[in-house]
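One letter stands for each residue in the lines below.
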Amino acid sequence: GSSLAVFTSGGDAQGMNAALRAIVRMGIYLGCKVYLIYEGYQGMVDGGKNIQLANWYSVSGIIGAGGTIIGSARCMDFKERPGRLKAAKNLVKFGINNLVCIGGDGSLTGANLFKEEWSSLLQELLETDQITAEEREKYSFLNIVGLVGSIDNDFCGTDMTIGADSALHRIIEAVDAIVTTAFSHQRCFVMEVMGRHCGYLALAAGLASDADWIMIPENPPEKGWEDKLCKRLAVQRESGHRLNIVLIAEGAIDRDGNPIKSDYVKDIIKNRLKIDTRVTVLGHVQRGGSASAFDRVLATRMGAEAVLALLNATPDSEPVVVSLNGNVTCHVPLMESVEKTKAVAKAMADKDFQRAVELRGSS
Ligand code: ADP
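Residues numbered from 1 in each chain as written. Predicted model: local features only at pLDDT ≥ 70, side-chain atom pairs only at ≥ 80, totals over all residues.

An unreviewed UniProt entry annotates the protein as ATP-dependent 6-phosphofructokinase originating from Brachionus calyciflorus.

Asks: Just to check I follow, could you spell out the overall build of the protein for this structure?
Replies: If you tally the helices and strands in the protein, you get 12 helices and 12 strands. Taking contacts inside the protein between residues at least 6 apart in sequence as the whole, the part at least 24 apart equals 76%. (Helix = DSSP H or I, 4+ residues; strand = E, 2+ residues; numbered from the N terminus. Contact = placed C-beta atoms within 7 Å.)

Asks: Is there a simple way to think about unusual backbone geometry in this case?
Replies: Negative phi values dominate among residues other than glycine, just as trans dominates among peptide bonds. For Asp129, which is not glycine, the phi dihedral falls at a positive 60 degrees. Summarising the element assignment, Asp129 is placed in the loop between helix H4 (105-127) and helix H5 (133-138). Phi angles above zero are rare outside glycine, and Lys274 is one such case at about 55 degrees. Here Lys274 is to be found in the loop between helix H9 (262-273) and strand E10 (277-281).

Asks: Explain the nonpolar core to me, please; I cannot follow it from the model alone.
Replies: If you look at soluble globular proteins, the nonpolar side chains tend to sit buried side by side. Ranked by size, the top nonpolar core spans 110 residues in total, and within it Ala19, Ile23, Val100 and Leu201 carry the most contacts. Sequence-distant contacts of Ala19, defined by excluding residues within four places in its chain, comprise Ile102, Leu147, Ile162, Ala299, Met302 and Gly303. (Core = buried A, V, L, I, M, F, W, Y, C linked by C-beta atoms within 7 Å. Buried ≥ 20, exposed ≤ 12 C-beta atoms within 10 Å, placed from the backbone.)

Asks: Would you explain the packing of helix H8 (residues 225-238) against H9 in this entry?
Replies: Angle between the axes and distance between the axes are the two parameters that describe a pair of packed helices. For the pair H8 and H9, the least separation of the axes is 10 Å and the interaxial angle reads 60 degrees. Relative to H9, the element H8 is oriented oblique. In this structure, H8 meets H9 at a crossing whose hand is right-handed. Counted together, Glu226, Cys230, Leu233 and Ala234 of H8 and Ile268, Ile269, Arg272 and Leu273 of H9 form the full contact between these two elements. Classifying every residue of the contact of H8 with H9 gives six nonpolar, no polar and two charged. (Axes fitted to C-alpha atoms, helices over the stretch in contact; angles between N-to-C directions. Parallel < 35°, antiparallel > 145°, perpendicular 65-115°, else oblique. Left-handed = near helix turned anticlockwise from the far one by under 90°. Nonpolar A, V, L, I, M, F, W, Y, C, P; charged D, E, K, R; others polar.)

Asks: Teacher, can you tell me more about the UniProt feature "active site" (unreviewed entry) in the protein here?
Replies: Using the residue numbers shown here, the UniProt feature "active site" (unreviewed entry) corresponds to Asp152. As for its position among the elements, Asp152 is in the loop between strand E5 (143-150) and strand E6 (162-163). A count of 24 C-beta atoms within 10 Å places Asp152 in the buried class. Those residues in contact with Asp152, other than ones at most four positions away along the chain, are Ala164, Met194, Gly195, Arg196, Cys198, Tyr200 and Leu201. (UniProt positions renumbered as here; feature names shortened; annotations may be inferred.)

Asks: Help me understand the packing of helix H1 (residues 16-29) against helix H10 (residues 293-312) in this model?
Replies: The contact between H1 and H10 brings their axes to 7 Å, and the two run at 35 degrees. Crossing geometry of H1 relative to H10 is assigned as right-handed. Contacts from Ala18, Ala19, Ala22, Ile23, Met26 and Gly27 in H1 reach Asp295, Arg296, Ala299, Thr300, Met302, Gly303, Ala304, Ala306 and Val307 in H10. Split by residue class, the contact of H1 with H10 holds 10 nonpolar, three polar and two charged.

Asks: Sorry, what's going on with the environment of Pro315 here?
Replies: Mapped onto the elements of the fold, Pro315 is located in the loop between H10 and strand E11 (320-325). Residue Pro315 is classed as exposed on the basis of its C-beta count, with 8 C-beta atoms lying within 10 Å. Considered as a pair, Pro315 and Phe141 are 174 residues apart in the sequence and their alpha carbons are 6.2 Å apart.

Asks: What exactly am I supposed to notice about helix H11 (residues 334-349) here?
Replies: An α-helix turns once every 3.6 residues. As a result, residues three or four positions apart point the same way. For H11, spanning 16 residues, the distance from its first C-alpha to its last is 23 Å, which sits close to the expected 22 Å at 1.5 Å a residue. Next to the buried residues of H11 lie H4, E5, E11, strand E12 (328-333) and helix H12 (353-361). Where H11 terminates, the next one or two residues include Lys351, which has phi positive at roughly 65 degrees. (Expected span 1.5 Å × (residues − 1).)

Asks: Help me out: how do you make sense of the sheet that holds strand E8 (residues 213-215) in this one?
Replies: Strand-to-strand pairing in sheets goes through backbone hydrogen bonds, with the strands running parallel or antiparallel. If you trace the four strands from one edge of the open sheet to the other, you get E8-E9-E7-E10, paired in parallel fashion. The sheet is open, and its two borders are formed by E8 and E10, each paired with just one other strand. Within this sheet the neighbouring strands show an average axis-to-axis angle of 15 degrees, counted without direction. Relative to strand E9 (residues 244-249), E8 runs parallel, the two being bridged by three bridges. Residue pairing in the sheet places Ile214 in a bridge with Leu247 of E9. Sheet contacts for helix H7 (residues 200-207): strand E7 (188-193), E8 and E9; angle to E9, the most-contacted strand, approximately 160 degrees. (Pairing = 2+ DSSP bridges.)

Printed below as a string of structure tokens:
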């Protein structure tokens, strides 16, 4: 059978463990040797006990656990060729030439580069007597498949990323909790949620909760939005509401591209409406806690699909990302999706919001 290895890289997300479990078990079920690479690319570069053969029970009891049991890391070494050379040597020595990368666009870009360089890395290892001619022959191709783990749901090419639904649950729980205390004291809460360039979490949380106002990067408010906001909240209060919730995505910006800070919004409301207003920044709570049922199922389906994609890969097949399209798991070309994702970030930075939304919507 083949050998494959799985690693988690970049920011963690709930559901990564469920994906890991599915990959290990599907791999074993299909007769593969499955290795776990600890601490992301750093473990691949350092080798040794960072690379371990998994068995069926290595991934018992983790399906619901947040984070990633094999660790994740940012790795500078892998960004340079000498680091990738070491990583290639370690993989060859373990007999691994199939990789599943669970990470964000950075991690997937690294994986793609590694695949492109693979034959020249092996050539260099051969010339420097670090591997044998037989090894080079046997492992002459590297197959990679990506799974997108990100609470932000910010990746073009999949309707949902692994972790976004769980993060949404954390946010909803927090909003529900804040609502009860806000009610008691007739307060307004400005709640800041994660998402970087992507307003998905703020928007979906707003739809699923008692929020009165939502601010997302994709739809920067027009000049004078402060008046509209205050008017809206005042109307709510006059009609008998005892509280207000304003949800702000961490990446929220105005039409000039300047960040809209939670404290600024709080001060506006406090000063103009004389409402007791507080800021709650949810922060890393959103990345933690158990994975939702949706994320567990999504990650399980994607993990199983990733193993099938690896085993069906041919030397000249393009690397893919496993994605969700509607309710169907499928594959999309890895680099095309990464490039689209980066184009969205660029469009946002260029304040071309229309283009950003179009790019996202078309994938
Ligand atoms: P994410 O995968 O969540 O986007 P990062 O952008 O931090 O997170 O990437 C995670 C790791 O992937 C980096 O620390 C680095 O080791 C590797 N990586 C990212 N971009 C590249 C690249 N262009 N070339 C090689 N490795 C990369």
